[in-house]
Each structure stands twice: as structure tokens, then as C-alpha cells.
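Structural features, examined
Each chain is listed here by its residues.
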Amino acid sequence: MSSKKEQKDSNDPAIIKVNKWDGSAVKIALDDVVKNILTKKYNYTENFALLDGRLALCGVAVLVAAIALVWDYFHPFPQSKPVLVVCVTLYFILMGILTLYTTHKEKGIFVVAIQRDPTGFDPDLVWEASSYLKKYDDKYTLELSVKDDATGITNETSVTRSVANFIDINGVVIPELVEAVVAKMIDSLSKQRKEK
């Protein structure tokens, strides 16, 4: 008699299979599962403001590069030198700002989700999830924080587990195992909020 896991079709879109030796692929797969848990199981609304900030900086940088390219096309090099100098300088400044933004603002956050009160009386809660997986390491660290919009109080918790706790021998991510960890973290944070 075969088990339920063996009966599942390997082409099933719910099955997430990764190369278990590729650290970045494993991290991305686990991050996606956590994101799905927050947005689908808990029905939190995903907030894209953090990602939009990065896209805006990148968009402005591409626009500056495009202006330099077009200007140089219509006014070949000796004439376009001042414009190219300004555009190159602006581009490098924007890349510096982008680096600071991703390092200090994003801080590895891969999802921002908003928990809205169904009745509309309680303030929104902002959940942020970030993760870390060092190169050549099997320890996946998941950090979860919740911020009360009304008070500004933030509670945080983190857990570090081997990726082998979430992925089977064939490289298939087992969402139920990730969900159990995330549920414990959410319960812990909710309990901390009620105690304050």
C-alpha cells in the first residue's frame, strides 16, 4: 500500500521541489512557503510598499541610463560629455542609495503582510518576515515581527532550524512542517502582545 505522498503527482503545482544542495534556491523556496502561509492560510493582505521603494529607485536609475544613451545617440561623444558625466554620477549615487536601502531598510524582509481587524475597530497589525541562510550552511533562520500601527510597539521572534527539517530526501519542501513552525511563532507573538 503506497502512502499519500507517493500517490501525489510529481507535476502537482502544490509540490515545491528544489535542488537541496543549492542554498539560495532552498532559501527562496522556504521564503515562498512562509509567504503563502501568511497570505493564504492567515488571509493577511500583502503590502508591496517596501518592494515598490526598491523598484522606484531602480526605475529612476534606468531612466538616467536611458537619458545618457539617447543623448549620446543624438549628440555623439565629444558633444555629450557633460551630460554623460552627470548621468554616470547620478547613476552611481542612485546605486549607492539602493545599496543602503536594501541593507538598512529591507534587511532581508521578503514579505510584509497586514492583518486587518474584520470588525474594523482594532488597529491594523503589520507582520514582517525575514530570513537568512548563510552560504554552505544548513541553518535557516526565520525572523517574524509584528507591529501595532496604533501604538508603534513591535514584537519579534526568530527560530533557527536545519533545512532538513523542512525538506525531504528528494528535495521536496513539506509545507506542513514550515506551517507548524510559523504557527508557533505567530502564537508566541500574539501572546506577547496580549501580555503587554
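As a reminder, the structure under discussion sits directly above these lines.
Residues numbered from 1 in each chain as written. Predicted model: local features only at pLDDT ≥ 70, side-chain atom pairs only at ≥ 80, totals over all residues. Heavy atoms only, no water.

1. So, the overall build of the protein chain
- The helix and strand inventory of the protein chain stands at five helices and seven strands.
- Along the protein chain, helices and strands appear, N-terminal first, in the series α-β-α-β-α-α-β-β-β-β-β-α.
- Scaling as 2.2 N^0.38, a compact globule of 196 residues should have a C-alpha radius of gyration of about 16 Å, whereas the protein chain reaches 22 Å, well beyond that.
- When its C-alpha atoms are laid out on the principal axes, the protein chain stretches across 75 × 50 × 30 Å.
- Residue burial in the protein chain is summarised as follows: out of 196 residues, 31% are buried.
- Within the protein chain, contacts between residues at least 6 apart in sequence are counted, and of these 53% link residues at least 24 apart.
- With the model as given, the accessible surface of the protein chain reaches about 13000 Å², and the carbon-plus-sulfur share is 60%. (Helix = DSSP H or I, 4+ residues; strand = E, 2+ residues; numbered from the N terminus. Rg over C-alpha atoms; globule rule 2.2 N^0.38 Å. Buried < 20%, exposed > 50% of the residue type's maximum accessible area, 1.4 Å probe, protein only. Contact = heavy atoms within 4.5 Å. Areas by Shrake-Rupley, 256 points an atom, 1.4 Å probe, with all protein chains shown as cover.)

2. Observations regarding the pairing of strand E6 (residues 154-162)
- Inspection of the sheet shows strand E5 (residues 139-148) paired to E6 by nine bridges, in the antiparallel sense. Bridge pairing in E6 links Glu143 to Ser158.
- In this antiparallel pair of consecutive strands, E5 and E6, the connection spans five residues, and Gly152 shows a positive phi of 80°. (Pairing = 2+ DSSP bridges.)

3. A word on the sheet that holds strand E2 (residues 45-46)
- What the five strands build is an open sheet, ordered E2-E3-E4-E5-E6; its pairing is antiparallel. Either end of the sheet is taken by a strand with one partner, and the two such strands are E2 and E6.
- Pairing of strand E3 (residues 109-115) with strand E4 (residues 125-133) involves six bridges; the strand directions are antiparallel. What sits directly across from Ile114, in E4, is Val126.

4. Looking at the pairing of E4
- Burial analysis of E4 places seven of its nine residues in the buried class, which makes it a mostly covered element.
- Between E4 and the antiparallel strand that follows it, E5, lie five residues; Tyr136 among them carries a positive phi value of about 60°.

On their own, these measurements won't tell you what the molecule is for.
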